[in-house]
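Chain and residue survey
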Amino acid sequence: MAENNRKLDDDTSRAPVSQRGHTVARVADTADIGALVSVNIDGQDVKVPMGTTILEAARRIGVRIPTLCWHEDLCIAGVCRVCVVEIEGQRTLQASCAYPITAPLKVKTHTRKVRQARRHIIDLMLSEHYGECYSCARNNNCQLQALAQEYGVDFFRFGHPAAPRHEMDLSSHSVLRDMNKCVLCRRCVRTCIDLQEVGVLEAVGRGDQTRIATFMDKPLKDVICINCGQCINRCPTGALRANDPTDEVWAAIDDPNKHVIIQTAPAPRAAIGECFDLEPGHALTFEMNTALRLCGFDKVFDTNFSADLTIIEEGTELILRLYKALVEQDKSVALPQFTSCSPGWVKYLEHFYPEYIPNVSSAKSPQQMFGAVIKTYYAKLSGIDPKDIVTVALMPCSAKKFECNRPEMCDSGFKDIDYGLTTRELAKMIREAGVDLPRMPKSDFDDPFGTATGSGVIFGATGGVMEAALRTVIEIVTGLKVENVFANADITPVRGFDGVRVVEIKVPQSGPVPAMFKHLVKDWKWLEGATLKVAIAHGTANAKKVMENIKSGGELAQCHFIEFMGCPGGCLGGGGQPIPTSPEIRAARARAIYSEDQAYAVRKSHENPAVLKLYKEFLTDGPCGHLSHKLLHTHYTPRGKYIA
Amino acid sequence: MLVTERERLREEITALADRHGRQRSALIPILQEIQRGHLQISDYAMQVVADLLDIHPVEVFSVVSFYSFLDEKPKGRFIIRLCRTISCDMAGKAAVARQLENDLGIGFGETTPCGRFTLEWANCIGMCDQGPALLVNDQVHARVTPEKVHEILAACRRVFGIYAQEQKEEHAV
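Residues numbered from 1 in each chain as written. Chains lettered and ligands numbered in written order. Predicted model: local features only at pLDDT ≥ 70, side-chain atom pairs only at ≥ 80, totals over all residues. Heavy atoms only, no water.

1. Some remarks on the overall build of chain B
In plain terms, the rule: Secondary structure counts use DSSP, requiring at least four H or I residues in a row for a helix and at least two E residues in a row for a strand, with both numbered from the N terminus. Each residue is placed in one exposure class: buried if its accessible area under a 1.4 Å probe, protein chains only, is under 20% of its type's maximum, exposed if it is over 50%, and partly exposed if it falls in between. What makes two residues a contact is simply this: any of their non-hydrogen atoms within 4.5 Å. Surface exposure here means Shrake-Rupley accessible area, sampled with a 1.4 Å probe, where a residue is shielded only by the protein chains that are shown. Charged residues are defined here as Lys and Arg on the positive side and Asp and Glu on the negative side; His and the ends of the chain fall outside this count. Taken as the charge centre is NZ of Lys, CZ of Arg, CG of Asp or CD of Glu, depending on the residue.
When helices and strands are counted, chain B shows seven helices and five strands. Beginning at the N terminus, the succession of helices and strands in chain B can be written as α-α-α-α-β-α-α-β-β-β-β-α. The principal-axis extent of the C-alpha atoms belonging to chain B is close to 50 × 35 × 25 Å. In chain B, which comprises 173 residues, the proportion classed as buried is 43%. At a minimum sequence separation of 6, the contacts of chain B that also span at least 24 residues come to 61%. As displayed, chain B offers around 9200 Å² of accessible surface, 51% of which is attributable to carbon and sulfur atoms. Looking at charge distribution, chain B has the averaged site of its 20 positive side-chain charges lying 3 Å from that of its 24 negative ones.

Rendered as structure tokens:
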């Protein structure tokens, strides 16, 4: 085939040999696509499917080629040139991440020419990078730093900025941008535009004037940013980072008059080990409880409690909507109902599909529900003035920082949640406290919310909210045990990492109405034989697909309930999770979460004793009742696509 | 911008989008027409274009910022672009540049306060054999001399009417 190509070129090209089109880029026969092609990398032969990039082929045989702009979740860019290699017969070096193999090649990955080119490229990046490594959030976890070390950068050949040249954008509650550290790899651009379909960042200008900017260089708080933080997770340097409130949290801990409560979400617990050099997929839930107490938090609560509460409230809301639509034939009821736990998704909807706000469950996210319950119910129970309570939420999420600062989130009379911490920030606090997290003894959560259920835990993975909701809905409607419907109560069809999943579940029979719902519906006869159609989408690009389908009256418009998560993989892939991220890492975190679910004695939200107690003692008018509407439900702001 | 103005702009861009097709590849033709009609592409116009083509406003901004002939801020009615590359430089670009600055009373990269003229550098405009060359909007002037600069500017001023002809570009407003 290679000869074939050469012949073609000899016949047609008038150009001198050095300028001739490189024959390897052409496939002589399209039938060869997908066939195996052999390539020799540093003397090792390997056969790969045609179209495989040199980088992939090299990784397959354990040859390490450094990369910077390349990321597993993103499309190929080939802009940083760090991965250049030498190909026999070619005049110039080629970017191995962007070179699909279409003919037999001989590649050398670390000749003198290659090493020198890489070193120059790194030097050039450093000449634009204001590197203040000690004070950088990414110190010791920075790809540029690692590359400089790997290639032994011992002086700045092309200079190095002595002072910052760009002002930092600190306007957002969630994401901070420091363009002094940007090396123009465009990972954030590809994340924001391709992966998330939000479109905040893009390369602006040309040539040496190129910079990464927002629309009209507006501050991040004024553009359509959903605060998902996926760009932070993929930035190779410290140009993007989360808005870190650890100083304020330490100040609250050190203040003897403040009662500092932290609630921990399931996704950070499944990932924080990565910050302590553990392999992805080790949940450290109970070790973390001990560590948090050593840090000085007065109480450690489990967000799973309010996740269960969310299921009850959101499930009740769904039942009420279905009742109105099916029995009362009320055409004004907005169906399908959308979940509201992901603040990134909620803001995405407020911007891009404000006309669908009535479809979003009015139930707050677990984080905010817990805040409202702590500053009312818990304050009364423990006799502490709510103004002295500081609520901190450990979340895998940068958008949660924005959520807790929403002006409407003050239903307890105070700011429901004072600070949102990410997994990375808590790891820093734990390290600062001199605590070696993986070696901590295990301890349980504090009362009165101590006991949690497996349903709350799986909120951290895509499909988890749906699974938790289904476990509860199936039991209360049919009177059957979920275990008898789905083996081991694992509703596996809703799990997985497919972008959009649609599941139909038949309601085989109706059971008695549990006491908690007696005031809402008389019986379940109207649901008998009905098919509940649900869908799950994760990542806002997939959410967009679902929304466009609904808008055009497609199949998904027939759904009853749709779970949306703003981040790929759900919360476990959130913008506050340890860096790096990749599909394998997210899958490992998901395994940790699902195995934790298995370990719980109670695995269904409506059986959570603490939740039942709360309804008995405090929210006495039941789910979706008057008080729960005041404390546990919220409203949304249509924001639209246009900015002033 | 007034609401009615916005509506008018939106209608105009919608017509352009329908003419060129509502896909990514129509972006530059649409932007060029907006530029021609309004001498700028306002941030509102960019958002409308993005909305109609189902792309993001920042992508439109990226394209506008990339091309020298697309402007996000208003420039003069006449944009004079003098070639600064080597052939024109050797043919006497410097004298022409001085004359332009002197006659217009502005430096390169600036717009006269009356909003009539913008002076800019251009990179090669392909008139290397006939330098120094400049562009007045999309009209090419070759073998420009300092004397010719007067004629070129006078011709531009004539567009603004008989009284404007002799008037120097005054800066006191």
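2. Considering the domain arrangement of chain B
In many reports, interface size means the accessible area that the parts give up when they come together. Cut-off, in case you're wondering: Start and end positions for the domains come from either an automated domain assignment or a database one.
According to the domain assignment, chain B consists of domain 1 (3-66) and domain 2 (78-164). A separation of 29 Å is found between the C-alpha centroids of domain 1 of chain B and domain 2 of chain B.

3. Looking at the domain arrangement of chain A
All names here are of chain A. Note the following rule: Two parts placed together each lose some accessible area under a 1.4 Å probe, and adding up what both lose gives the buried area.
In terms of domain boundaries, chain A breaks down into domain 1 (2-110), domain 2 (122-242) and domain 3 (332-361 + 451-606). Its C-alpha centre places domain 2 at a distance of 35 Å from the equivalent point of domain 3. Listed by partner, the interface residues are 18 residues for domain 2 and 20 residues for domain 3. The three residues of domain 2 that bury the most area against domain 3 are E197, I226 and N233, which together make up 39% of that side's buried surface.

4. Digging into the interface of chain A and chain B
Definition in use: The working definition used for a salt bridge is a side-chain nitrogen of Lys or Arg within 4 Å of a carboxyl oxygen of Asp or Glu. Polar contact is the term for a pair of N or O atoms within 3.5 Å; when the atoms are in protein, one must be able to donate a hydrogen and the other to accept it, and sequence-neighboring residues count only if both atoms are side-chain atoms. Ten residues, namely Ala, Val, Leu, Ile, Met, Phe, Trp, Tyr, Cys and Pro, are considered nonpolar, four, namely Asp, Glu, Lys and Arg, are considered charged, and the remaining ones, Gly among them, are considered polar.
Chain A puts 23 residues into the contact, and the matching count from chain B is 19 residues. Summing both partners gives a buried area of about 1700 Å² for chain A against chain B, and 58% of it is carried by carbon and sulfur. The largest contributions to the chain A side of the interface with chain B come from R206(A), F215(A) and Y642(A), which together make up 39% of the buried area. Here chain A and chain B share two salt bridges between them. Here chain A is connected to chain B by nine residue pairs in polar contact (both at pLDDT 80 or more). Elements with a contribution of two residues or more to the side of chain A that touches chain B: strand 7 (202-204) and strand 8 (211-213) of chain A. Tallying contributions element by element places strand 7 of chain A first for the side of chain A that touches chain B, with three residues. Here the residues of the side of chain A that touches chain B sort into twelve nonpolar, three polar and eight charged.

5. Quick word on the layout of surface pockets
Rules: Here a cavity is any set of points on a 1 Å grid over the protein atoms alone where a 1.4 Å probe fits but cannot get out, and a pocket is any open set with protein on both sides within 12 Å along at least 5 of 7 lines; a residue lines the site when it has an atom within 4 Å of a point. Grid points are joined across faces, edges and corners, and a volume is the space filled by probe spheres set on the points.
Estimated volume of the second largest pocket: approximately 790 Å³. Lining the second largest pocket are 30 residues; nearest its centre among them are R206(A), S65(B), Y67(B), S68(B) and K75(B). Listed by contribution, the elements that provide at least two residues to the lining of the second largest pocket are helix 4 (57-66), strand 2 (110-111) and strand 3 (117-122) of chain B. Among the elements that make up the lining of the second largest pocket, the one with the highest residue count is strand 3 of chain B (four residues). Residues that form the lining of the second largest pocket fall into these classes: eleven nonpolar, eight polar and eleven charged.

6. Quick notes on the sheet that holds strand 14 (residues 419-422) of chain A
All names here are of chain A. Heads up, the rule is: Each pair of strands is called paired provided DSSP finds at least two bridges between the two strands. Axes here mean lines fitted to C-alpha atoms, for a helix over just the part in contact, with angles spanning 0 to 180 degrees between N-to-C directions.
Taken together, four strands build an open sheet; the order of strands is 11-10-13-14 and the sheet is parallel. Each edge of the open sheet carries a strand with a single partner, namely strand 11 (299-302) and strand 14. Going across the sheet, the axis of each strand differs from the next one's by a mean of 25 degrees, ignoring polarity. Against the sheet, helix 7 (residues 246-254) contacts strand 10 (259-264), strand 13 (389-395) and strand 14, and its axis sits at roughly 115 degrees relative to strand 14. In the packing of helix 14 (residues 423-432) onto the sheet, contacts are made with strand 10, strand 13 and strand 14, and the angle to strand 14 comes to roughly 85 degrees.

7. Looking at the packing of helix 3 (residues 112-126) of chain A against helix 4 (residues 143-150) of chain A
Residues and elements named next belong to chain A. Worth spelling out the cut-off: The labels follow the angle: roughly parallel below 35 degrees, roughly antiparallel above 145, roughly perpendicular from 65 to 115, and oblique for the rest. Should the near helix be turned anticlockwise from the far one by less than a right angle, the crossing is left-handed, and should it be turned clockwise, the crossing is right-handed.
For the pair helix 3 and helix 4, interaxial distance at closest approach is 10 Å and the crossing angle is 135 degrees. With respect to their mutual orientation, helix 3 and helix 4 come out oblique. Helix 4 is crossed by helix 3, and the crossing has left-handed handedness. Counted together, I122, M125 and L126 of helix 3 and L144, L147 and A148 of helix 4 form the full contact between these two elements.

8. Describing helix 4 of chain B
With eight of ten residues buried, helix 4 of chain B lies mostly within the body of the structure. Summarising the contacts, the buried residues of helix 4 of chain B are in contact with helix 5 (187-195), strand 7 and strand 8 of chain A together with helix 2 (27-38) and helix 3 (43-53) of chain B.

9. What about the pattern of salt bridges?
Residue and element names in this part refer to chain A. Across all of its chains, the model carries 54 salt bridges over all chains by this definition. R406 is the salt-bridge partner of E350, the closest N and O atoms lying 3.0 Å from each other. Of the two residues, E350 is situated in helix 11 (residues 343-352) and R406 in the loop between helix 13 (399-404) and strand 14; the sequence distance between them amounts to 56 residues. For the pair shown, E350 and R406 are each scored as buried. In this structure, R603 and D597 form a salt bridge, with 2.9 Å as the shortest nitrogen-oxygen distance. This pair shows no difference in class: R603 is buried, exactly as D597 is. Overlapping salt bridges bring together E467, R471, D490, R495, D597 and R603 as one network.

10. Side note on the packing of aromatic side chains
All names here are of chain A. Selection rule: Only Phe, Tyr and Trp rings take part, Trp by its six-membered ring, and two of them pair if their centres are within 6.5 Å. Stacked means planes under 30 degrees apart, edge-to-face means over 60, and tilted covers everything else.
Inspection of the entire model under this criterion finds 23 aromatic pairs over all chains. Relative to Y353, the ring of Y348 lies with its centre 6.3 Å away and its plane at 50 degrees, an arrangement referred to as tilted. One exposure class covers both Y348 and Y353, and it is buried. Here Y377 and F618 contribute two aromatic rings whose centre-to-centre distance is 5.2 Å and whose plane-to-plane angle is 45 degrees, an arrangement assigned as tilted. Placement of the pair is Y377 in helix 12 (residues 366-382) and F618 in the loop between helix 20 (609-617) and helix 21 (626-632), with a sequence separation of 241 residues. Look at F618 and you get buried, because its relative accessible area is 12%.

11. Topic: empty space enclosed by the protein
Residues and elements named next belong to chain A. Tallied over the entire structure, the rule returns six cavities of 30 Å³ or more. Listed by contribution, the elements that provide at least two residues to the lining of the largest cavity are helix 8 (266-271), helix 10 (303-326), helix 11, helix 12 and helix 13. Looking at which element gives the most residues to the lining of the largest cavity, the answer is helix 8, with three residues. By residue class, the composition of the lining of the largest cavity is 18 nonpolar, nine polar and one charged. Its boundaries defined by the atoms lining it, the second largest cavity holds a volume of some 150 Å³. Secondary-structure elements contributing two or more residues to the lining of the second largest cavity are strand 6 (175-177), helix 5 and helix 6 (230-234). Looking at the lining of the second largest cavity residue by residue, the class counts come to eleven nonpolar, five polar and one charged.

12. Description of the sheet that holds strand 4 (residues 94-95) of chain A
All names here are of chain A. An order of 2-1-5-3-4 is seen for the five strands of this open sheet, with the pairing classed as mixed. The two strands at the open ends of the sheet, each matched to only one other strand, are strand 2 (44-49) and strand 4. When strand 1 (residues 36-41) meets strand 5 (residues 105-108), the two strands line up parallel, connected through three bridges. Within strand 5, the residue paired with V39 across the bridge is L105. This element, helix 3, spans strand 3 (84-87) and strand 5 of the sheet and lies at about 155 degrees to strand 3.

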